[in-house]
Every structure is written in C-alpha cells, then in structure tokens.
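Each chain is listed here by its residues.
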Amino acid sequence: MIDPMEFKVAGRRVFLARGCGVLAACLTVPLWNLLSGCDVAQDEETAGPLTVTVAELPLDRRVRLEHDGRTVEVTRTAGGVTARSLLCTHQGCNVRWIENEQIYFCPCHDGRFNAQGQPIYGPPRESLRELPVTLTSTQAVIGG
Ligand code: FES
C-alpha cells in the first residue's frame, strides 16, 4: 500500500524537478540569443501599422525600420512601395540584408534568403513575409 505522506513528498520532488527543467529551458533560449547576438523580435501579429512619408524613402534602396517591436524593410521603386518583414520564418530572429552577397542572413541558425526573400540555405522553409502597403497621396501605411 502506498503511504500518502510518501506519495506527497515524492510528488513534490517530481514537481520541483520538472519545474527546474522548465525554468532552465526558459532561460536557455534568451541566454543563447543574448550570447550569440541573435535578436528575436516580438510577435508581428500584435504590431500596429507603420506609416512612412513616401517622399522620405530613397528610390531603389532598402530601408530598414524598427517599429512597435518588429523590423521591416521598405523599398520605394518607380512601381511603388513594397514592404517585407525581416523576421526569420524559422524561429523569428531578425535577418540582415548583406549587400555584397545580395542575401538576407539570419545569425541565429545561419539561415539565408535570396533577394526576393525566398529561403536558400539553412533551416528556414518559408519565404520572408511580404507586408501589405496602402498608399495615400503622401504616405505609405504598412501592415496593421
Ligand atoms: S531563426 Fe533564422 S535560421 Fe533559425
């Protein structure tokens, strides 16, 4: 027969051991990101729209903007304004555009995307997300 007191103590030990394991796991990812230089951005879905003045965007240049906990790239061309999320589609780190290689690079797990945002190396399987852009007479409203 199981002694209820022994079961209670054993159950508490199991609970504590599991709790320590969960706590260690929770601390490991942010610590790794801090040490590795990975920059895990916030959830893009909770960010509000970003408004930029179109005239302030240089023509045919990628402009990196931080807004509401997310990083986006905005590009103005003769054809209009486009925007792309710079959150890696693997685990949400911020990617960086490497001009001389013409790729986006994710420092967290060595992920790479081509100039169109399609995955070309490493763990990412999905393209960087294109964001909707609504143009007014002077402004571009991105995402939201
Ligand atoms: S988060 Fe970008 S490759 Fe893993």
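Residues numbered from 1 in each chain as written. Predicted model: local features only at pLDDT ≥ 70, side-chain atom pairs only at ≥ 80, totals over all residues. Heavy atoms only, no water.

Participant: Teacher, can you tell me more about the layout of surface pockets here?
Facilitator: Summary: where empty space remains is shown by rolling a probe the size of a single water molecule over the atoms. Volume-wise, the largest pocket comes out at about 160 Å³. Looking at the largest pocket, the residues that line it are Asp60, Arg61, Arg62, Glu73, Thr75, Thr82, Ala83, Arg84, Glu99, Tyr104 and Glu130. Elements with a minimum of two residues in the lining of the largest pocket: strand S3 (70–77) and strand S4 (80–85). Considering each element in turn, the lining of the largest pocket owes the most residues, three residues, to S4. Tallied by class, residues from the lining of the largest pocket come to two nonpolar, two polar and seven charged. (1 Å grid on protein atoms, 1.4 Å probe; cavity = no way out; pocket = protein on both sides within 12 Å on 5 of 7 lines; lining within 4 Å. Points joined across faces, edges and corners; volume = space filled by probe spheres on them. Helix = DSSP H or I, 4+ residues; strand = E, 2+ residues; numbered from the N terminus. Nonpolar A, V, L, I, M, F, W, Y, C, P; charged D, E, K, R; others polar.)

Participant: Can you help me understand the sheet that holds strand S2 (residues 62–67) in this one?
Facilitator: Whenever strands of a sheet pair, they do so through backbone hydrogen bonds, lying parallel or antiparallel. The strand order across the open sheet formed by four strands is S2-S3-S4-S9, and the pairing between neighbours is antiparallel. Both edges of this open sheet fall to S2 and strand S9 (130–131), since each of them pairs with a single strand only. Sheet analysis places S2 next to S3, joined by six bridges and oriented antiparallel. The partner of Arg64 across the bridge, within S3, is Glu73. (Pairing = 2+ DSSP bridges.)

Participant: Could you clarify how one ought to interpret the environment of Gly69 in this entry?
Facilitator: Mapped onto the fold, Gly69 is located in the loop between S2 and S3. The class of Gly69 is partly exposed, set by a relative accessible area of 37%. Placed 22 residues apart in sequence, Gly69 and Ala47 show a C-alpha to C-alpha distance of 7.0 Å. (Buried < 20%, exposed > 50% of the residue type's maximum accessible area, 1.4 Å probe, protein only.)

Participant: Explanation requested: the sheet that holds strand S11 (residues 139–142) in the structure shown.
Facilitator: Strand order in the open sheet formed by three strands is S1-S11-S10, with antiparallel pairing between adjacent strands. A strand with exactly one partner marks an edge of an open sheet, and here the two such strands are strand S1 (50–53) and strand S10 (133–135). Averaged over neighbouring strand pairs, the angle between their axes works out to 20 degrees when direction is ignored. Pairing between S10 and S11: three bridges, direction antiparallel. Bridge assignment links Thr134 to a residue of S11, and that residue is Val141. (Axes fitted to C-alpha atoms, helices over the stretch in contact; angles between N-to-C directions.)

Participant: Just checking my understanding: could you explain unusual backbone geometry for this structure?
Facilitator: Note on backbone geometry: most residues besides glycine have negative phi, and most peptide bonds are trans. In this structure, Asp60 is a non-glycine residue whose phi angle is positive, near 55 degrees. By secondary structure assignment, the location of Asp60 is in the loop between S1 and S2.

Participant: Sorry if this is basic, but what is going on with the confidence of the model for the protein here?
Facilitator: Should the pLDDT be low somewhere, the predicted coordinates at that spot are not to be read in detail. On average, residues of the protein score 81 in pLDDT, and 67% of them reach the 70 mark or higher. Taken as a whole, residues 19–36 scores under 50 in pLDDT and shows four contacts with residues more than four places along the chain or in a different chain. (pLDDT = per-residue confidence, 0-100. Contact = heavy atoms within 4.5 Å.)

Participant: Honestly, the state of the cysteines in this entry has me stumped. Any pointers?
Facilitator: Enumeration according to the criterion identifies one disulfide in this entry. Bridging Cys93 to Cys108, the disulfide has an S-S length of 2.0 Å. Taking the sign of the torsion about the S-S bond as the criterion, the disulfide between Cys93 and Cys108, at about -100 degrees, is left-handed. Linking Cys93 in the loop between S4 and strand S5 (96–98) with Cys108 in the loop between strand S6 (103–106) and strand S7 (111–113), this pair joins segments that are 15 residues apart in sequence. Pair check on accessibility: Cys93 and Cys108 agree, each one buried. (Disulfide = S-S within 2.5 Å.)

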